[in-house]
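# Breakdown of the fold
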Amino acid sequence: MERLSSLSSAMISKPPTIQKTVPKSGETSFQMQVDTLLPNDLHNLESPTTYLEAQRAKSSLKKERVFELFFPELRKKYIKHVNKVLGEDKEYRFVPETELSTAENRLKTNEILKKVIKSLGYTAEDFKKNPDFVYCMMIIMCSVSGSVAGKIGVQYALYCGSLQKLGTEKHLPFLHKGQSLEEMGCFCMTELTHGSNLQGLLTTATYVHSERSFILHTPHEVGMKFWVGNLAKYARRAVVFANLLIEGQNYGIHVFLVEIRDIKGELLPGIMVGDIGPKLGLNGIDNGWCLFRRMKIPYDGLLDRFSQITPSGEFVSKYKKKSQRFASQLSALITGRLMVAGTSASGGLTTGGIGLRYLSVRKQFGEKKFTETPLIEYPLVQKRLVPDICILILFDRIIEKNFYLSLNVNNSDLEDPAAKELHAACSVIKVMSSSKGMDIALVVRELCGGMGYSDFSRIPSMIKDQNVQMTWEGANDVLVQQTAKFLLAAFQKIMTKKVSPTKSLDFFLSFSEDE
């Protein structure tokens with residue numbers, strides 16, 4: 001396959017020519033006989049690049065304007081950085097995951113992650129000043145490697161995001177080590193039998209007042225933490241979701257920072273860790289499972305921004321209701337959900353770009369004999385692909401707008417109308433973006449024919465990587481019901497009280513007036 005790839009590159013950079021054989025006087029050339037049977041175009045082979053430029057020349061849009069449309073100002077500095085770092089890396093090249101072993105995939109993913117992030121040279125203050133860093137890098141790296149983008153999400157949006165939003169000053173050193181990649185972290189929330197119903201998690205954290213510590217325990221094998229990115233090999237610490245038990249009373253789900261490996265990478269006592277094995281896609285991420293066996297952790301392991309246990313052993317919280325405390329613990333997920341939506345759009349547009357380029361150079365049939373037409377010029381092809389790409393560009397802009405909105409909304413407060421609206425919007429945006437991204441990937445695969453089935457087109461890997469977007473950070477079927485619930489409650493309030501809970505739903509008032 002390496003030779004095939006090299007041959008392909010050589011053909012694109014220097015297209016071959018076919019020369020006619022001139023027969024000697026009185027001789028009949030076999031080549032001349034063949035020439036009379038072949039279409040004339042074969043004697044004027046052009047580089048695929050020529051076909052591509054010809055299609056671009058037909059557009060009324062300027063190249064710079066298209067670049068601005070796909071890459072807003074906030075992403076440009078990161079795009080230039082990634083292009084520079086990977087462009088100067090002579091060893092970097094795209095290799096299908098199927099060509100590598102699991103260990104090679106994971107090592108390559110980790111090396112790219114560290115190379116791209118560390119070369120930014122960001123300090124703790126830089127990360128604080130650039131809240132768009134994670135969002136932009138996930139979207140950009142999605143066009144390079146879904147596994148790298150996924151690891152950025154795990155490390156920064158979920159692990160560091162939890163420390164930042166749920167922790168206090170004593171947790172800042174661990175946050176900074178995570179941001180600098182000095183320590184890798186993981187996000188232990190999902191269990192083997194609980195993904196969407198997080199209030200049904202089985203893991204417990206029992207407070208021992210005499211020792212001012214907690215005992216983490218998995219009461220049953222079905223409660224093992226599962227699908228945890230970074231856990232199988234690289235994570236030094238984990239943020240763990242567990243039921244807080246104090247003197248026999250359950251205070252609901254809380255989050256704990258837990259050291260799971262020592263500085264040498266050896267597992268600490270009280271935890272069992274395993275590898276979940278090969279997956280449909282994203283095999284550069286070391287997903288694992290873990291069981292806690294009465295593992296003791298210090299009190300400072302509790303991420304206690306919203307709830308604390310006093311020195312006398314009394315539980316105190318900013319929120320009185322267990323449901324409110326639960327919502328506060330999930331505040332990190334809103335941003336994560338938007339990032340999944342963003343990478344879904346990015347992945348879909350990347351696949352769409354691959355398709356558009358190939359369909360512009362691949363010719364088939366034509367109005368005249370032996371004069372073939374680029375596939376992109378067929379109305380059927382345009383109808384199947386172009387509208388969806390336009391829709392995904394629109395989603396990309398909406399996602400970006402809501403991402404910046406999320407930075408200024410206290411989404412841990414369920415009583416805040418803006419937080420409720422943001423949660424409902426993010427839920428349905430993630431559903432629509434991930435579904436449309438998957439649709440485009442499948443359509444491109446079909447339109448590109450056999451070449452779309454080759455791993456070297458990157459389309460199969462994009463399909464496999466896109467597929468999971470409809471499941472993680474909230475299953476699509478569940479998320480769309482959350483948005484529907486918000487809309488029905490708002491509509492009921494408008495119909496009964498003639499008041500809209502948010503400006504975005506003011507149009508509902510017209511239904512109330514028509515009653």
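Parameters at a glance
- Residues numbered from 1 in each chain as written.
- Predicted model: local features only at pLDDT ≥ 70, side-chain atom pairs only at ≥ 80, totals over all residues.
- Heavy atoms only, no water.
- Helix = DSSP H or I, 4+ residues; strand = E, 2+ residues; numbered from the N terminus.
- Buried < 20%, exposed > 50% of the residue type's maximum accessible area, 1.4 Å probe, protein only.
- Areas by Shrake-Rupley, 256 points an atom, 1.4 Å probe, with all protein chains shown as cover.
- Pairing = 2+ DSSP bridges.
- Axes fitted to C-alpha atoms, helices over the stretch in contact; angles between N-to-C directions.
- Salt bridge = Lys/Arg side-chain N within 4 Å of Asp/Glu carboxyl O.
- Phe/Tyr/Trp six-rings, centres within 6.5 Å; stacked < 30°, edge-to-face > 60°.
- pLDDT = per-residue confidence, 0-100.
- Contact = heavy atoms within 4.5 Å.
- Core = buried A, V, L, I, M, F, W, Y, C linked by side-chain atoms within 4.5 Å.
- Arc of directions from axis to C-beta.
- Parallel < 35°, antiparallel > 145°, perpendicular 65-115°, else oblique.
- Left-handed = near helix turned anticlockwise from the far one by under 90°.
- Nonpolar A, V, L, I, M, F, W, Y, C, P; charged D, E, K, R; others polar.

## Brief notes about the overall build of the chain
When helices and strands are counted, the chain shows 17 helices and 13 strands. Within the chain, the proportion of its 515 residues that are buried is 48%. Counting only carbon and sulfur atoms, one obtains 57% of the accessible surface of the chain, whose full area is about 26,700 Å².

## Section: helix H11 (residues 322–329)
Counted residue by residue, H11 has 6 buried out of 8 residues, so it is predominantly covered. Residues Gln324, Arg325, Phe326, Ala327, Ser328 and Gln329 constitute the buried set of H11.

## Some details on the pairing of strand E2 (residues 204–208)
Working note: regular strand, side chains alternate between the two faces of the sheet. Sheet topology places E2 next to strand E3 (residues 213–217); 5 bridges connect them, and they run antiparallel. Bridging across to E3, Tyr207 finds its partner in Phe214. Between E2 and E3, which pair antiparallel one after the other, the connecting turn spans 4 residues, and Arg212 there sits at a positive phi close to 50 degrees. Here 3 bridges tie E2 to strand E5 (residues 237–246), and the two strands are oriented parallel to one another. Note that in E5 the partner of Ala205 across the bridge is Leu244.

## What about the sheet that holds strand E7 (residues 271–275)?
The antiparallel open sheet is built from 3 strands, whose spatial order is E4-E8-E7. A single partner strand is all that each edge strand has here, and the edge strands are strand E4 (225–228) and E7. Across the sheet, the mean angle from the axis of one strand to that of its neighbour is 20 degrees, orientation sign disregarded. With 2 bridges joining them, E4 and strand E8 (residues 288–292) adopt antiparallel strand pairing. When the sheet's bridge partners are listed, Val228 is paired in E8 with Gly288.

## Topic: the pattern of salt bridges
With the rule as written, the count across this model stands at 19 salt bridges. One salt bridge in this structure joins Glu377 and Lys58, with 2.4 Å as the shortest N-O distance. Note that Glu377 is positioned in the loop between strand E13 (371–374) and helix H13 (379–406) and Lys58 in the loop between helix H3 (48–57) and helix H4 (63–70), a separation of 319 residues in sequence. One network of salt bridges, with partners in common, ties together Arg75, Asp396, Arg397 and Glu400.

## Some points on the packing of aromatic side chains
Going through the model one piece at a time under the given rule, you end up with 15 aromatic pairs. Relative to Phe133, the ring of Tyr122 has its centre 5.8 Å away and its plane inclined at 50 degrees; by these criteria the two rings are tilted. A residue pair is termed long-range when its members are at least 10 positions apart, and Tyr122 in the loop between helix H6 (102–118) and helix H7 (124–129) and Phe133 in helix H8 (residues 133–142) qualify at 11 residues. An angle of 20 degrees between the planes, with centres 5.9 Å apart, marks the rings of Phe214 and Tyr299 as stacked. Here Tyr299 lies in the loop between strand E9 (295–298) and strand E10 (307–309) and Phe214 lies in strand E3, a separation of 85 residues in the sequence. We classify Phe214 as buried; its relative accessible area is 0%.

## Concerning the confidence of the model for the chain
Per-residue confidence for the chain gives a mean pLDDT of 86, with 88% of residues at or over 70. Below a pLDDT of 50 lies the segment residues 1–21, which in the model reaches 18 contacts outside its immediate sequence neighbourhood of four places, other chains included.

## Re the nonpolar core
Counting 80 residues, the largest nonpolar core has Met137, Met141, Ile152 and Tyr156 as its most contacted members. Sequence-distant contacts of Met137, defined by excluding residues within four places in its chain, comprise Tyr78, Val82, Val116, Ile117 and Ile152.

## Section: unusual backbone geometry
The backbone phi angle of Trp227 is positive, close to 65 degrees, even though this residue is not glycine. You can see Trp227 is positioned in strand E4. Unlike most non-glycine residues, Glu247 shows phi in positive territory, near 50 degrees. Of note, Glu247 is situated in the loop between E5 and strand E6 (249–259). Overall, Glu247 belongs to the exposed group, its relative accessible area being 80%.

## Examining H3
Those residues of H3 that fall on the buried side of the exposure criterion are Tyr51, Leu52 and Gln55. Down the axis, H3 shows its buried residues gathered within 100 degrees of arc, on one side only.

## Points about the side chain of Asp388
With respect to the helices, strands and loops of the structure, Asp388 is situated in helix H13. Taking the relative accessible area as the measure of exposure, Asp388 reaches 16% and is therefore buried. Leave out the neighbours within four places in its chain, and Asp388 touches Lys436, Asp439 and Ile440.

## Structural notes on the packing of helix H9 (residues 146–166) against helix H10 (residues 172–179)
Remark: H9 packs on H10, axes separated minimally by 9 Å, with the N-to-C direction vectors making an angle of 165 degrees. Comparing their axes, H10 and H9 come out roughly antiparallel. The chirality of how H9 crosses H10 is left-handed. Between H9 and H10, the contacting residues are Gln155, Tyr156, Tyr159, Cys160, Leu163 and Gln164 on the first element and Phe174, Leu175, Gly178 and Gln179 on the second.

## A closer look at the packing of H6 against H9
Two measures define how a pair of helices packs: the angle their axes make with one another and the distance between the axes. Viewed as axis vectors pointing N to C, H6 and H9 meet at an angle of 65 degrees, and their least axial separation amounts to 9 Å. Put simply, H6 runs roughly perpendicular to H9. The hand of the H6/H9 crossing is right-handed. On H9, the residues that touch Thr109, Asn110, Ile112, Leu113 and Ile117 of H6 are Ser147, Val148, Lys151, Ile152 and Tyr156. Within the contact of H6 with H9, the residues separate by chemical class into 6 nonpolar, 3 polar and 1 charged.

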